[in-house]
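Results of the structural survey
Single-letter residue listing:
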There are 4 protein chains.
Amino acid sequence: MGSTFGNALKISIFGESHGAGIGVVLDGFPAGVTYDEAFVLREMERRAPGRNKQSTARREADTPRILSGIYNGKTTGTPICAVIENTNTRSQDYQALLAQPRPGHADYTGQVRYHGFNDPRGGGHFSGRLTAPLVFAGALCKLYLKTRGVTVGAHIQSIAQIQDTAFDDVAVSAQELDALRLQEYPVINPRARDAMLSAIEDARMDCDSVGGVIECAAVGLPAGLGSPMFGSVESKLSAMLFSVPAVKGVEFGVGFGFAEYRGSHANDPMYLDESGTVRTETNNNGGVLGGISSGMPIVFRTVIKPTPSIAKRQNTLNVQTGQVEPLEIHGRHDPCIVTRAAPVIEAAAAVALTDLYLEGYGYAD
Amino acid sequence: MGSTFGNALKISIFGESHGAGIGVVLDGFPAGVTYDEAFVLREMERRAPGRNKQSTARREADTPRILSGIYNGKTTGTPICAVIENTNTRSQDYQALLAQPRPGHADYTGQVRYHGFNDPRGGGHFSGRLTAPLVFAGALCKLYLKTRGVTVGAHIQSIAQIQDTAFDDVAVSAQELDALRLQEYPVINPRARDAMLSAIEDARMDCDSVGGVIECAAVGLPAGLGSPMFGSVESKLSAMLFSVPAVKGVEFGVGFGFAEYRGSHANDPMYLDESGTVRTETNNNGGVLGGISSGMPIVFRTVIKPTPSIAKRQNTLNVQTGQVEPLEIHGRHDPCIVTRAAPVIEAAAAVALTDLYLEGYGYAD
Amino acid sequence: MGSTFGNALKISIFGESHGAGIGVVLDGFPAGVTYDEAFVLREMERRAPGRNKQSTARREADTPRILSGIYNGKTTGTPICAVIENTNTRSQDYQALLAQPRPGHADYTGQVRYHGFNDPRGGGHFSGRLTAPLVFAGALCKLYLKTRGVTVGAHIQSIAQIQDTAFDDVAVSAQELDALRLQEYPVINPRARDAMLSAIEDARMDCDSVGGVIECAAVGLPAGLGSPMFGSVESKLSAMLFSVPAVKGVEFGVGFGFAEYRGSHANDPMYLDESGTVRTETNNNGGVLGGISSGMPIVFRTVIKPTPSIAKRQNTLNVQTGQVEPLEIHGRHDPCIVTRAAPVIEAAAAVALTDLYLEGYGYAD
Amino acid sequence: MGSTFGNALKISIFGESHGAGIGVVLDGFPAGVTYDEAFVLREMERRAPGRNKQSTARREADTPRILSGIYNGKTTGTPICAVIENTNTRSQDYQALLAQPRPGHADYTGQVRYHGFNDPRGGGHFSGRLTAPLVFAGALCKLYLKTRGVTVGAHIQSIAQIQDTAFDDVAVSAQELDALRLQEYPVINPRARDAMLSAIEDARMDCDSVGGVIECAAVGLPAGLGSPMFGSVESKLSAMLFSVPAVKGVEFGVGFGFAEYRGSHANDPMYLDESGTVRTETNNNGGVLGGISSGMPIVFRTVIKPTPSIAKRQNTLNVQTGQVEPLEIHGRHDPCIVTRAAPVIEAAAAVALTDLYLEGYGYAD
């Protein structure tokens, strides 16, 4: 009913930014997957705040405590629960926030949705902090997918108007995706990184924020997964991706670029490679045809809107006075969350692809 | 497992392009909605093929026969089933198609997914013809939503490189949306229409095809519907929209444009209008904040890729010979399906919004 | 939201007793299963009314017309839709029925549920006639399960106070189940049949009706299907079985008999048979332990309440006058539906077990 | 996929008997419900082990720690997570258990289901201990239902062959149900209790165990909830009830007794009470007609099989030797779990009814 996703694998995320803790339950995760704790912690660390000046000063250990589902170093097949304690909460006054819902945030819509009872502190359940358990779930799914030959990875495609080189959508490899994961700022073209950081710094100096695009790929997914219509690979992935706070657009392959393509350029002609596998010369469709995986890399992009919490003065409604009044948001906020978004988008994709994979192959074999 | 969608309202679509018939079951549709047959048939007609030279020469009456769920002119609340007979099927040889799967189509992925048993004729269940029952379902949902003050409408935002004027995302009205529905080519700027038709004709003369973008809006949806994370309005809408064949991208509000926005411009400042309703001065977030409706118009765009069936020669794999060989696709195909896509996208949105609405308000009251 | 069931296989049943038609959509049914039409029609015939004096005089051909999902004699893997036209409807006056809801029927609860808009004629969507599409779906599922070595069958365990011999729950075989299917009245002990028919005739002469119990078994299901807690084999089967009109109880293995067992008798001791398979000496648990199939026959019983439509005078509320008034229900009604219930219960079980099987083994292999 | 249930309210239960902790996430629980901690702890205490000699000697504080979803003493509407630490685990050798799966337990089926990777200690995720988080979830649901005028309660209908007086299924009241909750052994007839305890003591002295029946009622549920077919009140309740370990049968109203009823006795005649509400003189259908609530008390019974863990010697398979060998199960086990089952069955019912209620009434009003 909101925070539960999936079919063959179900994940349920809970917690509020300044409550006792946050976490996730994974139900249906396959048995017998080796729990690589170092890998999982590294994934958590990639997303964690407070690592540099692009990100919020809030610093959380973000160490997941596993309550169930892992035994003798392997997954048991029964539900996995991981909890992350909230240690660095602040008891500041949130009355102001109730009076003046932050523009671009869920403060107002959350109050309507929950009849005024939801926890407003730090955004409560709407906080970007809730992506930490998603990254944990995604890290486990990556471990499972790896056993099946599937690798998921992402890079920062753009921040502000600075573009990184795009993936080579027919040739992107597991090695390339794994290497990106080790970068503090995952980009293909190192010069793009410097320009991006500079654009972020400009925004920060202006008490403002910037958005960007994450490009993500999954390689090794066999052909024939997914279903026509509502069970399409794109439907499942997009439903998951739009659940990540700040994502406002998702496109597969050429995506919105198709609007200016002709069919003769858009179509991906097939051939047989030396190993006897059907492949396409181009991959404009991003590895999905008719909702079903083609065996080519799955490639998609998601746009991340600029952080709505900005120190710059905004004029917006005070719901208690009924007047438009100035608002300056202070506290610990990222001038750009795109730099931390790649592991979140990867995690979201890994969870959705694991569900897709398990629907196709079942738990019994 | 593919062709079934929804929660409070479930729809199940069935049929193959050249089988006996196609249709839809709506389970959970509210009781007591007046069945406006003229409206429903008009919606079907908007999507139907064969009306002009932009669309395929296949001509189907596309008249839905209602088997259940409507009694004394009103919906009963129990499942509604509508069937559309396939009258204009052709018994041509599909062996060629099995040998040489069409690029950009689901021919190959469908064969893998269904182990070679799916009906290949005319694309089978993957055919764009399956959007006819979706439009029927959407027409019913529009009738329901109208009783709740919600109106859904769309226009052609672009075809090839020709842009229509965009919706005014704060002021778009039910009247405007209803008026667009009456146009053969729903555009806001009539000059854009002429340029679009000209671009389509160019493509047709080249034995090629073009894509485009549909912009859709829903007005009147109350604030507070949807849920954080996986139950977001965007998640539900996108899961449905990506099930429409040829849709490869979905964006809400400013969408991918956010990548180049700063937070100070992206945020939508709130105010109280004269009726005491909270509104925003801009609507960059497309009526959704934190996954929950804000009460502002829901505005989104979907990209439609160019029709993959083109008469122009393509070189692609013959799976029987293992060789790349030339392919020319003859038969009845649209050089541009964007002109017929607006009612389909509207229908998809209306179904998803009805499900969202019923989750919020239930069936009991 | 009522008439849709399942996960890996979804079925959606539609129709009203006196509407245009009834039918079912199966979404997710495996590709490549041979459609044995003679078998399916025989299953439909087993349930069909009007075959003898124990059953209603309404006579319907009940021939399913297949609209989609079967091609070249095999299932395509895409949705299967079958429609049964309602040919023998009567345009009698249902005003009386609206005034005086029949006790034991859904007339009153249906009116509340659907705010008075549901089709009241012949019970509408609540009619036992809606088990015809369920039997169609079940027949297809039996064909699939047969390819996997699973056989489902049932017998009349009791009618009124007459008991048939129970299944030998460790030794019941596919042969025995298939043989029962050929009997007009599926019983193990032929003398029980005569006594049952006599009890039914007594009730009929009294303008009354009788209930009974169906015992059902599934053999050949591998161990390891199902899940602990909410995904238990019993949960899935019972959710389906309680959807059959008139079913008011479901028990597995010894069932309610366990209340008087001691643990030392209830436990099923394990051993290894000559083929190296783990089996149990007794099967008190009905083939399910901890919610998961044990590899032993699945055995369960469902109670069918007496037909509520009786010619005998009853005093019940007239909702228009507010008074309790006499009611005599005339028309075509079975004095006992248990004789026709075995194929329905089998069908329900076959659908649920197919869903269970497909969750375990997936569609991809 | 096993441990997740529900639609408008989803609960996800996790944990293993001897792991770090167990718990539950409730997603979709209504906002604004006052958290009555004393009530919740009392409910937990009713189920907790180690309170008397009928129950296992394992003693756990079973105090739920709430990580999210409750703020300022009220539910927030966003997911509630409660964790119960496992403090009293024992590091005994479970190798014996792997060699000789306990008859009547999930040891063998769990090993097959999870390919040998599930945690075998104390039954792991299959342990009856996992009913503790279910009782927590049920306690919250009772608090919600109370705000809507719905009360759920249960009594021990039988243990061994000792019967308690049954509920008066037309007159059972909230007061009576609330009073039963305060009893250590909830029975209507105090003399039944003494005989039950004596029967349990007999079994315990024999190193054996006994089963029984719980009768449960819900009063105050409005008419018109639930749906025909797969969405029936019985389907939803039974799917939940069969997820409780040891439940092997569920019946509504007269249940299996219907097999010997005639229609004229089975039907519940309607009348209008002084307040203008439609009621029935009898309630043989247990408050459900056609799958939909009638407004009369919901009444059902579940059978609980005897505890399979018994000290008495059993001969069963040693899977390592392939031989049948004697087994005596020592450790902390209840000779009868029926005495602790009433709060569990109530909790299961409260969760299912809350989901049913929320489907009917939604979250928006």
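Model, not experiment: these values are computed from the prediction.

Bringing the interface of chain C and chain D into the picture now. With 98 residues of chain C at the contact, the number on the chain D side is 98 residues. A buried area of about 7,600 Å², summed over both sides, lies between chain C and chain D, and 64% of it is on carbon and sulfur atoms. The three residues of chain C that bury the most area against chain D are Phe230, Lys248 and Met270 of chain C, which together make up 11% of that side's buried surface. Asp206 of chain C is paired through a salt bridge with Arg262 of chain D; the nearest N and O atoms lie 2.5 Å apart. Along the lines of polarity and charge, the residues of the side of chain C that touches chain D split into 47 nonpolar, 36 polar and 15 charged. Here strand S11 (residues 247–252) of chain C pairs with strand S11 (residues 247–252) of chain D via three bridges, running antiparallel. By the bridge assignment for S11 of chain D, Glu251 of chain C is matched with Gly249 of chain D.

All names here are of chain A. Of all six residues in strand S2 (residues 10–15), six are buried, a share of seventy percent or more. Here S2 shows no split at all, with Lys10, Ser12 and Phe14 on one side and Ile11, Ile13 and Gly15 on the other all buried. Examined bridge by bridge, strand S1 (residues 4–6) and S2 share three bridges and lie antiparallel to one another. Note on S2: the bridge partner recorded for Gly6 is Lys10. From the end of S1 to the start of S2, which pair antiparallel, there are three residues. As paired elements, S2 and strand S3 (residues 21–27) share six bridges and run antiparallel to each other. Bridged to Lys10 within S3 is Asp27.

Before going further, it helps to spend a moment on the relation of the copies chain C and chain B. You can overlay chain C on chain B at an RMSD of 0.0 Å; the transform is a turn of 180° with a shift of 0.0 Å along its axis. Seen this way, the second copy is the image of the first under a two-fold rotation axis. If distances are taken from each C-alpha of chain C to the rotation axis, the shortest is found for Ser12 of chain C, at 3.6 Å. Looking at chain C, 100% of its interface residues are interface residues in chain B too, so the copies touch through the same face.

Low pLDDT marks stretches whose predicted atomic positions should not be read closely. Per-chain confidence: chain A averages 94 in pLDDT, with 95% of residues scoring 70 or above. Of the two predicted TM-score estimates for the complex, the pTM is 0.97 and the ipTM is 0.96.

So, on to the interface of chain C and chain B. Contact residues are listed per partner, giving 47 residues for chain C and 47 residues for chain B. Between chain C and chain B, the buried area comes to about 3,800 Å², and carbon and sulfur atoms account for 63% of it. At the junction of chain C and chain B, the tally comes to two salt bridges. The shortest N-O distance in the salt bridge between Glu85 of chain C and Arg65 of chain B comes to 2.9 Å. Linking chain C with chain B are 18 residue pairs in polar contact (both at pLDDT 80 or more). Elements with a contribution of two residues or more to the side of chain C that touches chain B: strand S2 (10–15), strand S3 (21–27), strand S4 (65–68), strand S6 (74–75) and strand S7 (80–85) of chain C. Among the elements that make up the side of chain C that touches chain B, the one with the highest residue count is S2 of chain C (five residues).

This part covers empty space enclosed by the protein. Once rolled over the atoms, a probe with the size of a water molecule shows which space is left empty. Residues and elements named next belong to chain D. Scanning the entire structure with this criterion turns up 15 cavities of 30 Å³ or more. Approximately 60 Å³ is the volume attributed to the second largest cavity. Leu97, Ala106, Asp107, Gln111, Asn118, Asp119, Pro120, Gly123 and Phe126 together form the lining of the second largest cavity.

All names here are of chain A. Strand order in the open sheet formed by five strands is S1-S2-S3-S7-S4, with antiparallel pairing between adjacent strands. Looking along the sheet, the strands with just one partner apiece sit at the ends: S1 and strand S4 (65–68). When strand polarity is set aside, the average angle formed by the axes of neighbouring strands in this sheet is 20°. Here helix H4 (residues 131–147) sits on the sheet and contacts S2, S3, S4 and strand S7 (80–85); the angle it forms with S3, its principal contact strand, is near 30°.

Once that is clear, we can look at the pairing of strand S7 (residues 80–85) of chain B. Residue and element names in this part refer to chain B. Extensive coverage of S7 is indicated by the burial of five of its six residues. When strand S3 (residues 21–27) meets S7, the two strands line up antiparallel, connected through six bridges. Each bridged residue has a counterpart across the sheet, and for Val24 the counterpart in S7 is Ala82. As paired strands, strand S4 (residues 65–68) and S7 are joined by three bridges and run antiparallel to one another. Each residue of the ladder has a partner; that of Arg65, found in S7, is Val83.

Scanning the entire structure with this criterion turns up 96 salt bridges over all chains. Here Lys236 of chain C makes a salt bridge to Asp355 of chain C, at a shortest N to O gap of 2.6 Å. Here Asp355 of chain C lies in helix H9 (residues 338–361) and Lys236 of chain C lies in helix H7 (residues 233–241), a separation of 119 residues in the sequence. Neither residue differs from the other here; Lys236 of chain C and Asp355 of chain C are each classed as buried. Ionic contacts of the salt-bridge type, sharing partners, join the residues Glu43, Arg46, Lys142, Lys146, Asp178, Arg181 and Glu346 of chain A into one network.

Of all nine residues that make up H7 of chain C, nine are buried, and the element is covered over most of its length. Every buried residue belonging to H7 of chain C is among Val233, Glu234, Ser235, Lys236, Leu237, Ser238, Ala239, Met240 and Leu241 of chain C, and all of these are buried.

Next up on the list: unusual backbone geometry. Backbone geometry at Ala160 of chain C places phi at a positive 50°, although glycine is not the residue there. With respect to the helices, strands and loops of the structure, Ala160 of chain C is situated in the loop between strand S8 (151–159) and strand S9 (162–163). A positive phi angle, near 85°, is found at Ala246 of chain D, a position not held by glycine. Here Ala246 of chain D lies in the loop between helix H7 (233–241) and S11. Judged by relative accessible area, Ala246 of chain D falls into the buried class, the value being 18%.

Note that soluble globular proteins tend to have their nonpolar side chains buried in a common cluster. If you look at the biggest cluster of nonpolar residues, it comprises 167 residues, and the most contacted ones within it are Ile11 of chain A together with Ile11 and Leu26 of chain B. When residues no more than four places from it in sequence are discounted, the contact partners of Ile11 of chain B are Phe230 of chain A together with Ser3, Thr4, Phe5, Val24, Val25, Leu26, Leu134, Ala137, Met240 and Val351 of chain B. Counting 165 residues, the second largest nonpolar core, distinct from the first, contains Ala239, Val247 and Ala352 of chain C together with Ala341 of chain D.

It is worth spelling out the packing of H7 of chain C against H9 of chain C at this point. All names here are of chain C. The contact between H7 and H9 brings their axes to 9 Å, and the two run at 140°. Compared by their axis directions, H7 and H9 come out oblique. Pair H7 / H9 crosses with right-handed handedness. Residues Val233, Lys236, Leu237, Met240 and Leu241 of H7 pack against Ile345, Ala348, Ala349, Val351, Ala352, Leu353, Asp355, Leu356 and Glu359 of H9. Classifying every residue of the contact of H7 with H9 by side-chain character gives 11 nonpolar, no polar and three charged.

Thresholds applied
- Residues numbered from 1 in each chain as written.
- Chains lettered and ligands numbered in written order.
- Predicted model: local features only at pLDDT ≥ 70, side-chain atom pairs only at ≥ 80, totals over all residues.
- Heavy atoms only, no water.
- Contact = heavy atoms within 4.5 Å.
- Buried area = accessible area lost by both parts, 1.4 Å probe.
- Salt bridge = Lys/Arg side-chain N within 4 Å of Asp/Glu carboxyl O.
- Nonpolar A, V, L, I, M, F, W, Y, C, P; charged D, E, K, R; others polar.
- Pairing = 2+ DSSP bridges.
- Helix = DSSP H or I, 4+ residues; strand = E, 2+ residues; numbered from the N terminus.
- Buried < 20%, exposed > 50% of the residue type's maximum accessible area, 1.4 Å probe, protein only.
- Least-squares fit on C-alpha atoms with pLDDT ≥ 70 in both.
- pLDDT = per-residue confidence, 0-100.
- Polar contact = N/O pair within 3.5 Å; in protein donor to acceptor, adjacent residues only side chain to side chain.
- 1 Å grid on protein atoms, 1.4 Å probe; cavity = no way out; pocket = protein on both sides within 12 Å on 5 of 7 lines; lining within 4 Å.
- Points joined across faces, edges and corners; volume = space filled by probe spheres on them.
- Axes fitted to C-alpha atoms, helices over the stretch in contact; angles between N-to-C directions.
- Core = buried A, V, L, I, M, F, W, Y, C linked by side-chain atoms within 4.5 Å.
- Parallel < 35°, antiparallel > 145°, perpendicular 65-115°, else oblique.
- Left-handed = near helix turned anticlockwise from the far one by under 90°.

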